Amino acid sequence: MKSWLCMVVLCLSAVAPPAFAQAQQQQPDISKQIINAPTPETFNVYGLSAKPAVVKDKNVQGGRALRVPIASASDQPWGVGLISSINQPVKKGDKLVVAVWARAEKLPEGATTARIATIQVGLAKEPYTTVFKGEAEVGSEWKMVHVVGVADRDYAAGDISVSLHLATAKQVLDIGPILLLDLNK
């Protein structure tokens, strides 16, 4: 866990220096700011015919990743995706950061990067309204990508989740830890 936190600290200091500095002064133990289930074994994957494998990889934080094979591109990239549940409440105005370790184990033919169409925090049930979102591109090397946003209202534990939409090309993505940090904790 300590190596995850070091990477997140570096990311946060570059992304949101004032908010992060304030959060560090209020709460020096950043592990208390993780409000989701971050390990690949806990992710709920949908849109595949078989459950994806968890693979060991010493080059990713935590040493394990979920290998997600995507059979083809889709005009509905949410057709294959994964969800990480949020197990703590969030208050209106809380500053949130989603940090995702990802890489393309197999790139789309002729491409140098693979696209993750959406990294978002949103309602965990219908109507699946988005709280905030972003997207990312990853190559064959591990990369931590992140999305930053603010809670638009109060949410109880389990009301919202982190999700990734992956059906952008025929590709194989390795998804390592996904951390949702509440900088107001």
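Residues numbered from 1 in each chain as written. Predicted model: local features only at pLDDT ≥ 70, side-chain atom pairs only at ≥ 80, totals over all residues. Heavy atoms only, no water.

Chemist: Explain the sheet that holds strand S10 (residues 171-182) residue by residue, including any values.
Modeler: Read across the sheet, five strands follow the order S2-S3-S10-S5-S8 without closing on themselves; strand pairing throughout is antiparallel. Lying at the two open borders of the sheet, with one neighbouring strand each, are strand S2 (53-56) and strand S8 (143-150). Averaged over all pairs of adjacent strands, the angle between strand axes in this sheet comes to 35°, irrespective of strand direction. Sheet topology places strand S5 (residues 95-106) next to S10; nine bridges connect them, and they run antiparallel. Following the sheet pairing, Ala 99 is matched in S10 by Leu 179. (Pairing = 2+ DSSP bridges. Helix = DSSP H or I, 4+ residues; strand = E, 2+ residues; numbered from the N terminus. Axes fitted to C-alpha atoms, helices over the stretch in contact; angles between N-to-C directions.)

Chemist: So what about the sheet that holds strand S4 (residues 81-85)? Which residues, and what values?
Modeler: Pairing is antiparallel across the open sheet formed by five strands, whose spatial order is S1-S4-S9-S6-S7. Every interior strand has two partners, whereas the edge strands, strand S1 (44-46) and strand S7 (130-138), have only one. The mean inter-strand angle of the sheet, taken between neighbouring strand axes irrespective of direction, is 20°. With seven bridges connecting them, strand S6 (residues 114-123) and S7 associate as antiparallel partners. Opposite Gln 120, over in S7, you have Lys 133 as the bridge partner.

Chemist: How would you explain the layout of surface pockets if you had to name every residue and give the values?
Modeler: By volume, the largest pocket amounts to about 300 Å³. Residue lining of the largest pocket: 14 residues in total, with Gln 120, Leu 123, Tyr 128, Ser 163 and His 165 positioned closest to the centre. Put simply, the parts of the chain that give the lining of the largest pocket at least two residues each are S6, S7 and strand S9 (160-165). Looking at the lining of the largest pocket element by element, the count peaks at four residues for S6. Along the lines of polarity and charge, the residues of the lining of the largest pocket split into six nonpolar, seven polar and one charged. (1 Å grid on protein atoms, 1.4 Å probe; cavity = no way out; pocket = protein on both sides within 12 Å on 5 of 7 lines; lining within 4 Å. Points joined across faces, edges and corners; volume = space filled by probe spheres on them. Nonpolar A, V, L, I, M, F, W, Y, C, P; charged D, E, K, R; others polar.)

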